[in-house]
Amino acid sequence: MKAENERRYDDYERMAVQALMIEKAHRENRPKLTDLFKRPNEQTHDKKTINERRKEVDEINAWLSTLTTERRG
């Protein structure tokens, strides 16, 4: 049930974005595709190596291991 609602909300969000793009295209004189949608290029992606990502995960895991469920006070 929850997954179905989330899927419906995703559809609504997709339709809202589409409506905005159509309206923007309607208001522009002669819009180009790039005015409405800019595809992310390879340079915007994070190019971390596996070792860098593993080091980050190890640091996060080390920090998480310091947390406890005991309450003080």
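Rules behind the numbers
- Residues numbered from 1 in each chain as written.
- Predicted model: local features only at pLDDT ≥ 70, side-chain atom pairs only at ≥ 80, totals over all residues.
- Heavy atoms only, no water.
- Helix = DSSP H or I, 4+ residues; strand = E, 2+ residues; numbered from the N terminus.
- Buried < 20%, exposed > 50% of the residue type's maximum accessible area, 1.4 Å probe, protein only.
- Areas by Shrake-Rupley, 256 points an atom, 1.4 Å probe, with all protein chains shown as cover.
- Salt bridge = Lys/Arg side-chain N within 4 Å of Asp/Glu carboxyl O.

S.K.: Before we go on, may I ask you to explain the overall build of the protein in this structure?
M.R.: Helix and strand counts for the protein stand at three helices and zero strands. Tracing the protein from N to C terminus, the helices and strands come up as α-α-α. The proportion of buried residues among the 73 residues of the protein is 0%. For the protein, the computed accessible surface area is about 7900 Å², with 52% contributed by carbon and sulfur atoms.

S.K.: Even after reading the chapter, I still don't get the pattern of salt bridges, so can you show me in this structure?
M.R.: Oppositely charged side chains can form a pair if their charged atoms are brought close together. Inspection of every chain in the model, using the stated rule, returns two salt bridges. In this structure, R8 and E4 form a salt bridge, with 3.4 Å as the shortest nitrogen-oxygen distance. On the criterion of helical spacing, the pair formed by R8 and E4 is a turn pair, its members being four residues apart in helix α1 (residues 2–27). Judged by relative accessible area, which is 41%, E4 ranks as partly exposed.

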